[in-house]
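Understanding the architecture of this molecule
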Amino acid sequence: MSSLAQAYARTSQTTASPREIEAQALLKAARQLQDVQANWSGPDTNMHNALMFNRRLWTIFMSAMETNENPQPMEVRQNIANIGVFVIKQTIEMQMDPDPAKLKSLIDINCNIAAGLSGRS
(Lines give C-alpha, C1' and ligand atoms only; values in the text may rest on other atoms or scores of the structure.)
Protein backbone atom coordinates (compact mmCIF):
# COMPACT_ATOMS: atom_id res chain seq x y z
CA MET A 1 0.00 0.00 0.00
CA SER A 2 1.42 3.41 -0.92
CA SER A 3 2.17 5.94 1.80
CA LEU A 4 -0.64 8.12 0.42
CA ALA A 5 -3.13 5.26 0.71
CA GLN A 6 -1.90 4.48 4.22
CA ALA A 7 -2.37 8.12 5.26
CA TYR A 8 -5.89 8.11 3.84
CA ALA A 9 -6.70 4.87 5.68
CA ARG A 10 -5.46 6.33 8.98
CA THR A 11 -7.43 9.54 8.47
CA SER A 12 -10.63 7.75 7.54
CA GLN A 13 -10.33 5.60 10.65
CA THR A 14 -9.84 8.59 12.95
CA THR A 15 -12.66 10.64 11.44
CA ALA A 16 -15.34 7.94 11.37
CA SER A 17 -18.23 8.47 13.76
CA PRO A 18 -18.82 5.93 16.53
CA ARG A 19 -21.99 4.81 14.74
CA GLU A 20 -20.04 4.17 11.53
CA ILE A 21 -17.35 2.26 13.44
CA GLU A 22 -20.05 0.09 15.02
CA ALA A 23 -21.66 -0.46 11.61
CA GLN A 24 -18.33 -1.49 10.09
CA ALA A 25 -17.67 -3.92 12.95
CA LEU A 26 -21.11 -5.50 12.45
CA LEU A 27 -20.50 -5.81 8.71
CA LYS A 28 -17.11 -7.41 9.36
CA ALA A 29 -18.77 -9.96 11.65
CA ALA A 30 -21.50 -10.58 9.05
CA ARG A 31 -18.88 -11.12 6.32
CA GLN A 32 -17.05 -13.65 8.48
CA LEU A 33 -20.28 -15.52 9.19
CA GLN A 34 -21.23 -15.41 5.49
CA ASP A 35 -17.84 -16.84 4.58
CA VAL A 36 -18.38 -19.73 7.00
CA GLN A 37 -21.85 -20.34 5.58
CA ALA A 38 -20.74 -20.16 1.93
CA ASN A 39 -17.73 -22.44 2.45
CA TRP A 40 -19.34 -24.87 4.88
CA SER A 41 -17.49 -28.13 5.31
CA GLY A 42 -18.45 -28.69 8.92
CA PRO A 43 -17.39 -26.99 12.13
CA ASP A 44 -13.85 -25.67 11.91
CA THR A 45 -11.56 -22.91 13.13
CA ASN A 46 -13.12 -20.34 10.80
CA MET A 47 -16.57 -21.05 12.26
CA HIS A 48 -15.24 -20.82 15.80
CA ASN A 49 -13.39 -17.55 15.09
CA ALA A 50 -16.37 -15.96 13.33
CA LEU A 51 -18.73 -16.89 16.16
CA MET A 52 -16.27 -15.66 18.79
CA PHE A 53 -15.80 -12.31 17.01
CA ASN A 54 -19.55 -11.84 16.70
CA ARG A 55 -20.16 -12.83 20.32
CA ARG A 56 -17.46 -10.45 21.60
CA LEU A 57 -18.92 -7.63 19.52
CA TRP A 58 -22.42 -8.20 20.88
CA THR A 59 -21.09 -8.54 24.42
CA ILE A 60 -19.58 -5.07 24.04
CA PHE A 61 -22.89 -3.70 22.74
CA MET A 62 -24.79 -5.29 25.61
CA SER A 63 -22.34 -3.90 28.16
CA ALA A 64 -22.68 -0.43 26.67
CA MET A 65 -26.45 -0.63 27.04
CA GLU A 66 -26.11 -1.23 30.78
CA THR A 67 -24.12 1.90 31.61
CA ASN A 68 -25.86 4.89 33.14
CA GLU A 69 -23.84 7.17 30.86
CA ASN A 70 -25.51 5.73 27.77
CA PRO A 71 -27.51 8.56 26.15
CA GLN A 72 -29.98 6.26 24.36
CA PRO A 73 -33.55 6.04 25.65
CA MET A 74 -34.23 3.06 27.91
CA GLU A 75 -36.46 1.44 25.26
CA VAL A 76 -33.65 1.47 22.67
CA ARG A 77 -31.18 0.16 25.22
CA GLN A 78 -33.53 -2.66 26.18
CA ASN A 79 -34.16 -3.58 22.53
CA ILE A 80 -30.42 -3.80 21.79
CA ALA A 81 -29.88 -5.86 24.95
CA ASN A 82 -32.68 -8.23 23.91
CA ILE A 83 -31.18 -8.64 20.45
CA GLY A 84 -27.82 -9.29 22.10
CA VAL A 85 -29.31 -12.04 24.26
CA PHE A 86 -30.81 -13.63 21.14
CA VAL A 87 -27.44 -13.42 19.34
CA ILE A 88 -25.65 -15.09 22.26
CA LYS A 89 -28.27 -17.86 22.41
CA GLN A 90 -28.02 -18.45 18.64
CA THR A 91 -24.23 -18.56 18.92
CA ILE A 92 -24.38 -21.18 21.66
CA GLU A 93 -26.91 -23.17 19.63
CA MET A 94 -24.61 -23.03 16.60
CA GLN A 95 -21.65 -24.21 18.67
CA MET A 96 -23.62 -27.09 20.19
CA ASP A 97 -25.33 -28.20 16.97
CA PRO A 98 -23.49 -26.70 13.97
CA ASP A 99 -25.64 -26.03 10.92
CA PRO A 100 -24.87 -23.34 8.32
CA ALA A 101 -28.57 -22.44 8.05
CA LYS A 102 -28.45 -21.19 11.65
CA LEU A 103 -26.04 -18.44 10.61
CA LYS A 104 -28.67 -16.64 8.53
CA SER A 105 -30.35 -14.94 11.48
CA LEU A 106 -27.01 -13.73 12.87
CA ILE A 107 -25.96 -12.39 9.46
CA ASP A 108 -29.33 -10.68 8.93
CA ILE A 109 -29.29 -9.05 12.36
CA ASN A 110 -25.79 -7.68 11.87
CA CYS A 111 -26.54 -6.36 8.38
CA ASN A 112 -29.82 -4.74 9.43
CA ILE A 113 -28.37 -3.07 12.53
CA ALA A 114 -25.37 -1.87 10.48
CA ALA A 115 -27.70 -0.40 7.86
CA GLY A 116 -29.64 1.45 10.56
CA LEU A 117 -26.44 2.80 12.11
CA SER A 118 -25.26 3.99 8.71
CA GLY A 119 -28.60 5.57 7.84
CA ARG A 120 -29.24 3.05 5.04
CA SER A 121 -32.27 1.34 6.54
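Below or above, wherever it landed, is the structure these notes cover. Every chain is numbered independently, its residues counted from 1 as its sequence is written. Side-chain atom pairs in this predicted model are given and counted only at pLDDT of 80 or more, local residue features only at pLDDT of at least 70, and totals for whole chains, interfaces and linings cover all residues. Values reported for side chains reflect all heavy atoms of the structure, with hydrogen atoms and water molecules removed beforehand.

1. Let's talk about helix H5 (residues 103-118)
Put simply, DSSP H or I for four residues or longer makes a helix, DSSP E for two residues or longer makes a strand, and each gets a number counted from the N terminus. Expected helix span is given by 1.5 Å per residue-to-residue step, counting one fewer step than there are residues. Taking 1.5 Å per residue as the helical rise, H5 with its 16 residues ought to reach 22 Å, and the 23 Å between its terminal C-alpha atoms agrees with that figure. For the exposure calls, accessible area comes from a 1.4 Å probe over protein chains only, and a residue counts as buried if that area is under 20% of its type's maximum, exposed if over 50%, partly exposed in between. When we look at burial in H5, the residues that qualify are Leu-103, Leu-106, Ile-107, Ile-109, Asn-110, Ala-114, Ala-115 and Leu-117. For H5, the secondary structure elements touched by its buried residues are helix H2 (18-38), helix H3 (45-66) and helix H4 (74-96). Once H5 finishes, Gly-119 follows within two positions and takes phi at roughly 80°, a positive value. Any pair of residues with heavy atoms lying within 4.5 Å of one another is described as a contacting pair.

2. Considerations on the pattern of salt bridges
Every case where a carboxyl oxygen of Asp or Glu lies within 4 Å of a side-chain nitrogen of Lys or Arg is listed as a salt bridge. In total, this model carries 3 salt bridges according to the counting rule given. In this structure, the salt-bridge partner of Lys-102 is Glu-93, at a minimum N-O distance of 2.7 Å. Where Lys-102 meets Asp-97, a salt bridge forms, and the shortest distance between an N and an O atom there is 3.1 Å. Classification of Lys-102 as buried rests on a relative accessible area of 17%.

3. Examining the layout of surface pockets
A 1.4 Å probe that fits but cannot get out identifies a cavity on a 1 Å grid over protein atoms alone, an open set with protein on both sides within 12 Å along at least five of seven lines counts as a pocket, and a residue lines either if it has an atom within 4 Å of a point. Grid points are joined across faces, edges and corners, and a volume is the space filled by probe spheres set on the points. Reported here for the largest pocket is a volume of approximately 480 Å³. Lining of the largest pocket is provided by 20 residues; of these, Glu-22, Phe-61, Met-65, Gln-72 and Leu-117 occupy positions nearest its centre. Elements represented by at least two residues in the lining of the largest pocket include exactly H2, H3, H4 and H5. Looking at the lining of the largest pocket element by element, the count peaks at 6 residues for H3. Of the residues assigned to the lining of the largest pocket, the class counts are 14 nonpolar, 4 polar and 2 charged. Amino acids outside the nonpolar list (Ala, Val, Leu, Ile, Met, Phe, Trp, Tyr, Cys, Pro) and the charged list (Asp, Glu, Lys, Arg) are all regarded as polar, and Gly is one of them.

4. Description of the environment of Arg-77
Relative to the helices and strands, Arg-77 resides in helix H4. Exposure remark for Arg-77: the relative accessible area of 10% places this residue in the buried category. Along the sequence, Arg-77 and Glu-66 sit 11 residues apart, while their C-alpha atoms lie 7.7 Å from each other.

5. Concerning the environment of Asn-49
Examined against the element boundaries, Asn-49 turns out to sit in helix H3. Look at Asn-49 and you get partly exposed, because its relative accessible area is 41%. Distance from Asn-49 to Val-36, taken between C-alpha atoms, is 9.8 Å for residues 13 residues apart in sequence.

6. Topic: the packing of aromatic side chains
Each Phe, Tyr or Trp ring, with Trp reduced to its six-membered ring, pairs with another whose centre is within 6.5 Å; inter-plane angles below 30 degrees give stacked pairs, above 60 give edge-to-face pairs, and intermediate values give tilted ones. If you walk through the whole model with that rule in mind, you get 1 aromatic pair. Ring centres of Trp-58 and Phe-61 lie 5.2 Å apart, and the angle between their planes is 85°; this geometry places the pair in the edge-to-face category. On the criterion of helical spacing, the pair formed by Trp-58 and Phe-61 is a turn pair, its members being 3 residues apart in helix H3. Looking at Trp-58, the relative accessible area reads 0%, which means it is buried.

Everything listed is a geometric property; what it means functionally is a separate question.
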